[in-house]
Amino acid sequence: MTTQKEILLDYLQSIRDAVLWKLEGASDYDVRRPLTPTGSNLLGIVKHLAYVELGYFVESFGREVPVPTPFDDPDADPHDDLHAFADESRDGIVALYRLAWAESAKTFADRDLDAEATVPWWPDDRNPVTLGLLLVHMVAETNRHAGQIDILRETVDGAVGHRATSSNLPDDYDWKGYVVRLEEIAGEFR
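Comments concerning unusual backbone geometry
The omega angle of the peptide bond from Asn127 to Pro128 is -5 degrees, so this bond is cis rather than trans. Inspection of the secondary structure puts Pro128 in the loop between β1 (116–117) and β2 (129–130).

Quick notes on helix α3 (residues 42–57)
Along its 16 residues, α3 runs 23 Å from first to last C-alpha, staying within 8% of the 22 Å computed at 1.5 Å per residue. Among the 16 residues of α3, 16 are classified as buried, and the element is accordingly described as predominantly covered.

Examining the packing of aromatic side chains
A complete count under the given rule lists eight aromatic pairs for this structure. Here the aromatic rings of Tyr97 and Trp101 are separated by 5.1 Å at their centres, their planes lie at 70 degrees, and the arrangement is edge-to-face. In this pair, Tyr97 and Trp101 both sit in helix α4 (residues 90–110), four residues apart, roughly one turn of the helix. Among the aromatic residues, those joined into a ring-pair cluster are Tyr56, Trp121 and Trp122. The positively charged end of Arg126 is found above the aromatic ring belonging to Trp122, 3.8 Å away from the centroid.

Considering the nonpolar core
Core analysis: the biggest nonpolar cluster contains 46 residues, and Leu23, Val46, Tyr56, Phe57, Tyr97 and Leu134 have the highest contact counts within it. If you list the elements that add at least two residues to this core, you get α1 (4–21), α3, α4 and α5 (131–157). With 11 residues, the single largest contributor to this core is α3. Those residues in contact with Leu23 that lie beyond four places of it in its chain are Val31, Leu42, Leu43, Val46, Arg90, Val94 and Arg153.

Considerations on the packing of α3 against α4
Where α3 contacts α4, the two axes come as close as 9 Å, and the packing angle between them is 25 degrees. Our classification of the angle between α3 and α4 gives roughly parallel. By crossing handedness, the relation of α3 to α4 is classed as left-handed. Residues Leu43, Val46, Lys47, Leu49, Ala50, Tyr51, Glu53, Leu54 and Phe57 of α3 lie in contact with α4, whose contacting residues are Arg90, Ile93, Leu96, Tyr97, Ala100, Trp101, Glu103, Ser104, Thr107 and Phe108. Taken together, the residues that form the contact of α3 with α4 break down as 13 nonpolar, two polar and four charged.

Concerning the pattern of salt bridges
Summed over the entire model, instances satisfying the criterion amount to nine salt bridges. Among the salt bridges present, the one from Asp150 reaches Lys22, with a minimum N-O distance of 3.2 Å. Placement of Asp150 in helix α5 and of Lys22 in the loop between α1 and α2 (28–32) is noted, with a sequence separation of 128 residues between them. The exposure class of Asp150 is partly exposed, given its relative accessible area of 30%. Asp30 is the partner of Arg33 in a salt bridge, and the nearest nitrogen-oxygen pair spans 2.8 Å. Arg33 gets classed as partly exposed once you look at its relative accessible area, which sits at 23%. Taken together, the shared-partner salt bridges connect Arg63, Glu103 and Lys106 into one network.

Reading guide: rules and limits
Residues numbered from 1 in each chain as written. Predicted model: local features only at pLDDT ≥ 70, side-chain atom pairs only at ≥ 80, totals over all residues. Heavy atoms only, no water. Helix = DSSP H or I, 4+ residues; strand = E, 2+ residues; numbered from the N terminus. Expected span 1.5 Å × (residues − 1). Buried < 20%, exposed > 50% of the residue type's maximum accessible area, 1.4 Å probe, protein only. Phe/Tyr/Trp six-rings, centres within 6.5 Å; stacked < 30°, edge-to-face > 60°. Lys NZ or Arg CZ within 6 Å of the ring centre and 35° of its normal. Core = buried A, V, L, I, M, F, W, Y, C linked by side-chain atoms within 4.5 Å. Contact = heavy atoms within 4.5 Å. Axes fitted to C-alpha atoms, helices over the stretch in contact; angles between N-to-C directions. Parallel < 35°, antiparallel > 145°, perpendicular 65-115°, else oblique. Left-handed = near helix turned anticlockwise from the far one by under 90°. Nonpolar A, V, L, I, M, F, W, Y, C, P; charged D, E, K, R; others polar. Salt bridge = Lys/Arg side-chain N within 4 Å of Asp/Glu carboxyl O.

Following this line, the structure appears as structure tokens:
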């Protein structure tokens, strides 16, 4: 029988894999460049997810985060976790994300869903929290960012889908015609 914890971990790993798949085949420029007015970019979202996991599943359970974080320096820009610096490689950020998975797995292995944690950046009235709540929160957060990545990647080069083996969209559909139809409908509301 599959436990709730196993189900949550399976959902988390599935979306983690999808997030990394969205980097495949994109140029170093395209994974780094800002694609929205607020600077959202593919590699920055992966970096952000790595640090968020380290915060929720390592630091919040009283374990030491094994790498420096952008939050260690009180004078750092609060958005330093949302982009790759010139000296940070794609492989390095992917390795950081995988490190976050490995460190999180140690917490998952040692604790039940009702194990308590304290999230340092959450207000007192939201602490303590349980591993179960943090897993649900992280599945939701990772999915939200995966949706952003989906749109950003499609903007870059038209790549779509939720995993390498499934685009989740029909290949023989007239997408250009569909977009024209939607634009015509929207145009009625100008």
